[in-house]
Amino acid sequence: MFTINENYLKLPGSYLFSTIAKKVNAYQSGNPEAEILRLGIGDVTQPLAPAIIEALHKAVDEMADQETFRGYAPDLGYEFLRTAIANHDYRNRGCDIAADEIFVSDGAKCDSGNIQEIFGLNNKIAVCDPVYPVYVDTNVMAGRTGNYNPETGSFDGMIYMPCMEENNFVPEFPKETPDIIYLCFPNNPTGATITREQLQEWVDYANRVGAVIIYDAAYEAYITEEDIPHSIYECKDARNCAIELHSFSKNAGFTGVRLGYTVVPKDLKCGDVKLHDLWARRHGTKYNGAPYIVQRAGEAVYSETGKAQLKAQVDYYMRNASVIYEGLKNAGYSVSGGINAPYVWLKTPDHMSSWDFFDKLLHEANVVGTPGSGFGAHGEGYFRLSAFGTYENTVKAVERIAKM
Ligand SMILES: *Cc1c(COP(=O)(O)O)cnc(C)c1O
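Residues numbered from 1 in each chain as written. Predicted model: local features only at pLDDT ≥ 70, side-chain atom pairs only at ≥ 80, totals over all residues. Heavy atoms only, no water.

I tried to follow the site of the ligand on my own but got confused; where do I start?
The full set close to the ligand counts 14 residues, and Tyr219, Ser247, Ser249, Lys250 and Arg258 are the nearest of them. In the model, an oxygen atom of the ligand is placed 2.6 Å from a nitrogen or oxygen of the serine 247 side chain. Taking serine 249, its side chain carries an N or O atom lying 2.6 Å from an oxygen atom of the ligand. With the chains in place, 93% of the 390 Å² that the ligand exposes on its own is no longer accessible. Among the elements of the structure, α4 (108-114) and α7 (249-252) are those that each provide at least two residues to the shell around the ligand. (Near = heavy atom within 4 Å. Polar contact = N/O pair within 3.5 Å; in protein donor to acceptor, adjacent residues only side chain to side chain. Areas by Shrake-Rupley, 256 points an atom, 1.4 Å probe, with all protein chains shown as cover. Helix = DSSP H or I, 4+ residues; strand = E, 2+ residues; numbered from the N terminus.)

How should I be thinking about the sheet that holds strand β13 (residues 335-337) in this particular structure?
Remark on secondary structure: sheet strands pair via backbone hydrogen bonds, oriented parallel or antiparallel. As summarised here, the arrangement of the 4 strands in space is β13-β14-β17-β16, forming an open sheet in which the pairing is antiparallel. One side of each edge strand has no neighbouring strand; the edge strands of this open sheet are β13 and β16 (370-371). By the bridge criterion, 2 bridges tie β16 to strand β17 (residues 382-386) in an arrangement that is antiparallel. Bridge pairing in β17 places proline 371 opposite phenylalanine 383. (Pairing = 2+ DSSP bridges.)

How do you make sense of the pairing of strand β2 (residues 102-105) when you look at a structure like this?
Where a strand is regular, its side chains alternate between the two sheet faces. Burial of β2 is two-sided: the residues Ile102 and Val104 facing one way and the residues Phe103 and Ser105 facing the other way are all buried. Taken together, the 4 bridges between β2 and strand β10 (residues 260-263) define a ladder with antiparallel strand orientation. Each bridged residue has a counterpart across the sheet, and for valine 104 the counterpart in β10 is tyrosine 261. (Buried < 20%, exposed > 50% of the residue type's maximum accessible area, 1.4 Å probe, protein only.)

What is the right way to read unusual backbone geometry from this model?
Excluding glycine, a negative phi dihedral is what most residues carry, and trans is how most peptide bonds are arranged. Each neighbour pair has its own omega, and for phenylalanine 185 with proline 186 the value is -10 degrees, a cis peptide bond. Turning to its location among the elements, proline 186 is positioned in the loop between β7 (180-184) and α6 (196-209). Following asparagine 188, the chain continues to proline 189 via a peptide bond in cis, the omega torsion being 15 degrees. With respect to the helices and strands, proline 189 occurs in the loop between β7 and α6. Its identity is not glycine, yet asparagine 168 carries a phi of approximately 55 degrees, on the positive side. Tracing the backbone shows asparagine 168 in the loop between β6 (159-162) and β7. Judged by its relative accessible area of 58%, asparagine 168 is exposed. Phi is positive for histidine 351, which is not a glycine, with a value near 55 degrees. Mapped onto the elements of the fold, histidine 351 is located in the loop between β14 (343-347) and α11 (354-365).

Quick question: what am I supposed to make of helix α3 (residues 79-90) here?
Between its terminal C-alpha atoms α3 stretches 15 Å, which fits the 16 Å expected from 12 residues at 1.5 Å a residue. When we look at burial in α3, the residues that qualify are Phe80, Leu81, Arg82, Ala84, Ile85, Ala86, Asp89 and Tyr90. (Expected span 1.5 Å × (residues − 1).)

I tried to follow the side chain of serine 154 on my own but got confused; where do I start?
With respect to the helices, strands and loops of the structure, serine 154 is situated in strand β5 (residues 154-155). Polar contacts involving the side chain of serine 154 include one to the side chain of threonine 152, which spans 2.8 Å. Dropping the residues within four chain positions of it, serine 154 is found in contact with Asn147, Tyr148, Asn149 and Tyr160. (Contact = heavy atoms within 4.5 Å.)

These results come straight from atomic positions and should not be treated as a statement about function.
Below, the structure written as structure tokens:
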């Protein structure tokens with residue numbers, strides 16, 4: 001008789017966004033005339049930029065022709081895309097990353113979940129709290145944690161690094177030494193960033209204790225300030241301790257198109273074993289590559305026209321972020337984020353719980369946001385609003401919240 005992976009049973013029931021959907025649907029059926037504005041989920045809303053659409057059409061036509069048809073893609077991704085990534089995301093920023101250290105994939109969510117496969121099960125994992133839930137749940141599934149403790153809202157055996165107002169939402173080195181550290185900056189959900197100096201301290205720490213940093217740079221394109229690093233490889237010696245994850249979802253609207261990449265430098269070793277070789281093996285064995293058509297679309301992200309169009313798209317969302325940030329601040333809320341990230345993180349008024357504030361916002365303003373407690377115990381008392389809506393809806397939502 002078969003058995004199951006019992007680690008899955010450690011995961012607590014209802015997923016954040018399904019709970020939100022249930023509450024919103026219940027409210028809407030009781031109030032069919034209410035116009036509900038959604039500043040909750042982290043999905044983009046603007047259509048793909050014309051340069052991307054043009055590249056997609058062209059690649060589709062190539063697939064229709066015997067001469068230019070392509071089958072399986074090369075294991076690590078097409079050379080044209082990996083070279084464009086190495087040049088634009090790394091070399092141009094002074095980072096020493098070569099095209100053959102880049103692994104093209106169908107997105108950063110899968111990579112952030114899959115990457116832990118190349119590490120031993122006895123590694124101690126450290127995550128920020130609040131956190132993008134994928135880092136935690138995938139390690140739970142693998143068996144790297146104990147049980148969920150409903151009292152503390154956390155898993156036994158996992159190192160949580162509180163990110164709060166007091167530390168500007170940047171974690172401090174944990175008391176217990178971790179083996180694998182997940183960092184995501186600009187951060188989802190807090191919208192916080194880390195300075196280059198602070199990130200350098202983390203790189204030095206990881207090299208000192210022999211830990212690996214998995215650095216999620218999904219929101220890199222939203223950085224507006226100068227001293228904020230776009231890549232962990234801007235830090236000295238990061239090639240010895242860091243893996244970096246990238247996504248085309250938030251900078252180019254590929255949430256439904258699917259494309260991402262992971263960087264594993266060849267200097268990153270455990271004894272004599274290169275992590276690059278393990279990830280190459282994993283990639284080659286379990287994955288057959290992102291579609292040719294999509295990789296051509298990815299190449300267009302780095303063209304001059306593509307870059308200009310995507311900058312306008314990011315600026316559009318960042319104008320929303322500023323409307324939310326300024327609007328709530330003027331209404332007396334304590335807000336952070338929103339300057340280098342498409343998320344505004346606000347403190348609930350009068351020590352209200354995150355879910356109570358969710359209900360209040362839904363009922364009194366007909367606005368949907370995301371309760372901070374859904375991202376971890378230290379998100380309690382906070383609330384995330386996303387800048388990915390339309391400008392018109394964002395303005396309307398903020399006016400309604402301010403009047404509450
Ligand atoms: C949206 C997001 C991603 C991107 O995931 P994709 O699978 O590339 O769409 C990765 N990390 C974080 C923290 C995110 O919020």
